[in-house]
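Chain by chain, the residues run as shown.
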Amino acid sequence: MPRPVPTTTLAGVEIFEGYLDRDTQEALVSDLRDVVAQAPLFAPKTRFGKEMSVRMTSAGRYGWFTDACGYRYIDAHPSGTSWPPIPKRILGIWRALASKEREPDCCLINFYGETAKMGLHQDRDEADFGWPVLSISLGDEALFRVGGTERGGKTQSIWLRSGDVVVMGGAARLVYHGIDRIKFGTSPLLSQGGRINLTLRVVD
Ligand code: MD3
Ligand code: FE
């Protein structure tokens, strides 16, 4: 299969709008219910002691974590239970759009309630920035902001919708990015509303 063509490119970030159909989105939510049953969502604290507004958990060999010691990957859920495997359906999306050479080590699951947001940051807790990062949006619309590779540069924004997939590779791997806000209740996918973002990464 040839690689699909992105519908939009923003500062080198490739956006595949409407890549996942509704049935696939529902199947992914069902896969994630199993993951969250084994590895419950938690609200991590940054090194400054402030709780993040996004709740998260992970699947894969590693999970992303933050506490007073700072940002890092850890090999088990904070409860001590191992991270569940990354669901096959999610690995298939990685293979189609990110890489056929290597599987991701981590699938970070971010849950955004009505008021959650994520400040502008770079993803740099991984060993090799040569591997792309892939993100899947499910549920309510979110205002995604993308800048350049330096803090304080100009930024552009785009609304991400349920079923959109974003790939950050090459020079775009280290761009600043964040979620300003979600538009609560704009998608029927999650019956209680909110947004789920899945981020797939090679860690080491
Ligand atoms: C651009 N998550 O978990 S996904 C994150 O919607 C994160 O939850 C946001 O940023 C979310 O780190 C944004 C889109 C995204 C993810 C990773 C990137 C954009 C990226 C890595 C490099 C550049
Ligand atoms: Fe990020």
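Summarised in this report is the structure supplied together with it. (Residues numbered from 1 in each chain as written. Chains lettered and ligands numbered in written order. Predicted model: local features only at pLDDT ≥ 70, side-chain atom pairs only at ≥ 80, totals over all residues. Heavy atoms only, no water.)

Ligand 1 sits among 19 residues. The nearest are Y112, M168, H177, R195 and R201. Within the side chain of N110, one N or O atom sits 3.1 Å away from an oxygen atom of ligand 1. With respect to ligand 1, the side chain of R201 contributes an N or O atom lying 2.8 Å from an oxygen atom. For ligand 1, whose accessible area on its own is 490 Å², the fraction buried by protein is 98%. Most atoms of ligand 1, that is more than half of them, are within 2 Å of grid points of the largest pocket. Looking at the shell around ligand 1, the elements that each hand over two or more residues are β6 (106-112), β7 (118-121), β8 (133-139), β12 (177-183) and β13 (195-201). Per-element accounting of the shell around ligand 1 gives the leading share, four residues, to β13. (Near = heavy atom within 4 Å. Polar contact = N/O pair within 3.5 Å; in protein donor to acceptor, adjacent residues only side chain to side chain. Areas by Shrake-Rupley, 256 points an atom, 1.4 Å probe, with all protein chains shown as cover. 1 Å grid on protein atoms, 1.4 Å probe; cavity = no way out; pocket = protein on both sides within 12 Å on 5 of 7 lines; lining within 4 Å. Sits in = over half its atoms within 2 Å of the grid points. Helix = DSSP H or I, 4+ residues; strand = E, 2+ residues; numbered from the N terminus.)

Ligation of the iron ion (ligand 2) by protein atoms is provided by H121 (NE2), D123 (OD) and H177 (NE2), these donors lying 2.1 to 2.2 Å from the ion. Site description for the iron ion (ligand 2): donor spacing in sequence, H-x1-D-x53-H. Of this pair, H121 sits in strand β7 while H177 sits in strand β12, placing them 56 residues apart in sequence. Note on H177: relative accessible area 17%, which makes it buried. (Donors = N, O, S within 2.8 Å, 3.2 Å for Na, K, Ca; no water. Buried < 20%, exposed > 50% of the residue type's maximum accessible area, 1.4 Å probe, protein only.)

It is worth spelling out the layout of surface pockets at this point. If you add up the space inside the largest pocket, you get close to 860 Å³. Ranked by the residues each element gives to the lining of the largest pocket, the list is headed by β13, at four residues. A per-class count over the lining of the largest pocket returns 16 nonpolar, 12 polar and 10 charged. Space inside the second largest pocket adds up to approximately 280 Å³. (Points joined across faces, edges and corners; volume = space filled by probe spheres on them. Nonpolar A, V, L, I, M, F, W, Y, C, P; charged D, E, K, R; others polar.)

Position of Y62 among the secondary structure elements: in the loop between β3 (55-60) and β4 (63-67). When the C-alpha positions of Y62 and C107 are compared, they lie 8.2 Å apart, and in sequence the two are 45 residues distant. There is a polar contact of 2.6 Å between the side chain of Y62 and the side chain of D204.

A few words now on the packing of aromatic side chains. Aromatic rings in a pair are described by how distant their centres are and how their planes are angled relative to each other. Counting across every chain of the model gives four aromatic pairs. Taking 6.1 Å as the distance between ring centres and 65° as the angle between the ring planes, the aromatic pair formed by F16 and Y19 counts as edge-to-face. Sitting over the face of the ring of W131, R102 holds its NZ or CZ atom 5.9 Å from the ring centroid. In this arrangement the basic side chain of K183 is found over the ring face of W159, its NZ or CZ atom lying 4.5 Å from the centre. (Phe/Tyr/Trp six-rings, centres within 6.5 Å; stacked < 30°, edge-to-face > 60°. Lys NZ or Arg CZ within 6 Å of the ring centre and 35° of its normal.)

On to the sheet that holds β6. Sheet strands pair by backbone hydrogen bonding; their relative direction is either parallel or antiparallel. If you walk across this open sheet you meet the seven strands as β1-β2-β11-β8-β13-β6-β3, and the pairing is antiparallel. The sheet is open, and its two edges are formed by β1 (8-10) and β3, each paired on a single side. Between one strand axis and the next, the sheet turns by 20° as a mean value, whatever way the strands run. Of the pairings in the sheet, the one linking β1 to strand β2 (residues 13-16) comprises three bridges and is antiparallel in character. In the sheet register, L10 faces β2, and the bridge partner there is V13. Seen against the sheet, helix α1 (residues 22-38) touches β3, β6, β8 and β13 and runs at an angle of roughly 100° to β8. (Pairing = 2+ DSSP bridges. Axes fitted to C-alpha atoms, helices over the stretch in contact; angles between N-to-C directions. Contact = heavy atoms within 4.5 Å.)

Buried residues dominate strand β9 (residues 141-146), accounting for five of its six residues. Where β9 and β12 come together, six bridges link them in antiparallel fashion. From the neighbouring strand, E141 faces β12, where its bridge partner is K183. Inspection of the sheet shows β9 paired to strand β10 (residues 156-160) by five bridges, in the antiparallel sense. Each residue of the ladder has a partner; that of V146, found in β10, is Q156.

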